[in-house]
Structure formats: C-alpha cells, structure tokens
Amino acid sequence: MDVRTRRYIFYAIWFLLLSLPLITFLKNTNLSTAFSNPVLILNTFQRLTGMTAYILLFIQIMLGAFMDHWVQVIGAKAYKFHITQGLFIYGLVLVHPTLYLLITYQLTNNLLQSFLVILPSFKNQTETLLVFGKTALLLLTVSVTAAYFRTKPFFRRNWKAFHILNYLVFYLVFYHARIGTDLASQPFDTFYWLALFLVTMTIIYKLFYPRLFKMFQQKLNQSKV
C-alpha cells in the first residue's frame, strides 16, 4: 500500500471521527426545538464545538506522541497536518466559551455579568467543571504560543515541557466535558472513554517503555560479557 492510499485512509478515519458529534447531537436532540430561539441555537453550536474539540485534541495527542511513526505511515504531511490541526483546535476552544458568553448575555441581557463568567468560581459542581475548561483554555494558549515561537531558543530548549501541557489540557477537557448534555449519548460517550484509555496508555508507554527497554538492553549486554 503506497503512502497516498494510507493518507486517504487516514483522512477517511479522521472525517469519520469528526462525524461522531453530529451523529450524537442528532440522536440526542429534537431538531424542531434546537433552532427555535437564539439561546438554543447558540447551545447547539456550543455542544458541537465542545465534542469536536475533544475528538481533535485526542487525535492531536496521538499524532504528536508518535510523530515519527505517522511520518512513515502518511508521509511528511503528518507534521504539517499536526500544526494545522493544532491551530484549528485552538480556534474551536476559543469559540466554545465565546458561545457560552453569548448564551449568558441572551439570558441576562447584562454585558458585565456575561463577562464575569470568565472568572473562576467553585460555588457548585457546575462552576467547578467550568473552571476545568477555563484552565484548559489558559494552558492551551501557552502551548499554542510555544508552538508558534518554537524556533526561538527558549521555546526550543523547553519544547518537551510545553508539549506535555497538551496531556494536561486533555484531562482538564475530559473532566470539563462532564458538564455536557451529550456525554451519556452514543456514539460520543464510547469515544469519550476510549480516548481517555488510549491517552493514559500513551503516557504510561512514554514514561516507562524507554526505561524498561534500556534496562533490558543493559541486562542483555551484561549476559554477553
């Protein structure tokens, strides 16, 4: 199988995963009411952007963690795709809370109160879950900034540390997503938990496999002496 074919398969899987939010939304929503007023319209797009951002963040982590492998599978475009997708994710993550601000304004008709929702609050479970999302946005901003200035000496020296932020962002988004109304609906719910498992396994693999492999190599070399 040539690189072009593997690339088409990759894109097909990518589009398939991105269809999960729409499928989940359609199964979980009465379309006759979803677009019946401005608040529900905004809420519709907020739900879709939230689920899509979670899926893309998972794909982004899988690409970044195994970039050398993906370059072999789909060619050098894997790196460019990784960068482009990262910017798209950041755009979605910005749009998602902006929609929440607009919903708040529609409900309160108070501009100041709408902007005050940016501030962290732990008054109840809902507010706490919102803080997870706000923190994820902040850390993702740092990560994207580091990626943009990756050629600068400071960011190049500390690139690995900045890249690890994406894992923390994923877990924050994972907990933030529990505020959503689509979480218990299929097929997104299955993907939600599967993504958590795969990201966690990736972290374990990255942390322990190099050490175990090095220990195995040392023992193998000692046995040859």
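Treat the numbers as computed from the prediction; the structure is a model and nothing was measured. (Residues numbered from 1 in each chain as written. Predicted model: local features only at pLDDT ≥ 70, side-chain atom pairs only at ≥ 80, totals over all residues. Heavy atoms only, no water.)

1. Quick look at the overall build of the protein chain
Assigned secondary structure in the protein chain consists of 10 helices and zero strands. Moving toward the C terminus, one meets the helices and strands of the protein chain in the order α-α-α-α-α-α-α-α-α-α. The dimensions of the protein chain, computed from C-alpha atoms along their principal axes, are 75 × 40 × 30 Å. The buried share among the 225 residues of the protein chain stands at 38%. Pairs at least 24 apart in sequence give 69% of the contacts found in the protein chain among residues at least 6 apart. Split by element, the accessible area of the protein chain, about 14,000 Å² in all, is 69% carbon and sulfur. (Helix = DSSP H or I, 4+ residues; strand = E, 2+ residues; numbered from the N terminus. Buried < 20%, exposed > 50% of the residue type's maximum accessible area, 1.4 Å probe, protein only. Contact = heavy atoms within 4.5 Å. Areas by Shrake-Rupley, 256 points an atom, 1.4 Å probe, with all protein chains shown as cover.)

2. With respect to helix 7 (residues 125–148)
Along its 24 residues, helix 7 runs 35 Å from first to last C-alpha, staying within 8% of the 34 Å computed at 1.5 Å per residue. The backbone nitrogen of Thr126 lies 3.1 Å from a side-chain oxygen of the residue at the head of helix 7, namely Asn124. (Expected span 1.5 Å × (residues − 1). Polar contact = N/O pair within 3.5 Å; in protein donor to acceptor, adjacent residues only side chain to side chain.)

3. Brief notes about the side chain of Ser185
With respect to the secondary-structure elements, Ser185 resides in the loop between helix 9 (159–176) and helix 10 (188–224). The buried category is assigned to Ser185, whose relative accessible area is 13%. Once residues within four sequence positions are removed from consideration, Ser185 is found in contact with Thr24 and Asn28.

4. Observations concerning the environment of Asn158
Along the chain, Asn158 falls in the loop between helix 8 (153–157) and helix 9. In this structure the C-alpha to C-alpha distance between Asn158 and Ala65, which are 93 residues apart in sequence, comes to 16 Å.

5. Considerations on the packing of helix 3 (residues 38–65) against helix 5 (residues 77–108)
For any two helices packed against each other, one specifies the inter-axial angle together with the distance between the axes. For the pair helix 3 and helix 5, the least separation of the axes is 8 Å and the interaxial angle reads 155°. Taken together, the axes of helix 3 and helix 5 are roughly antiparallel relative to one another. By crossing handedness, the relation of helix 3 to helix 5 is classed as left-handed. Here the residues of the contact of helix 3 with helix 5 are counted per class, giving 20 nonpolar, 12 polar and no charged. (Axes fitted to C-alpha atoms, helices over the stretch in contact; angles between N-to-C directions. Parallel < 35°, antiparallel > 145°, perpendicular 65-115°, else oblique. Left-handed = near helix turned anticlockwise from the far one by under 90°. Nonpolar A, V, L, I, M, F, W, Y, C, P; charged D, E, K, R; others polar.)

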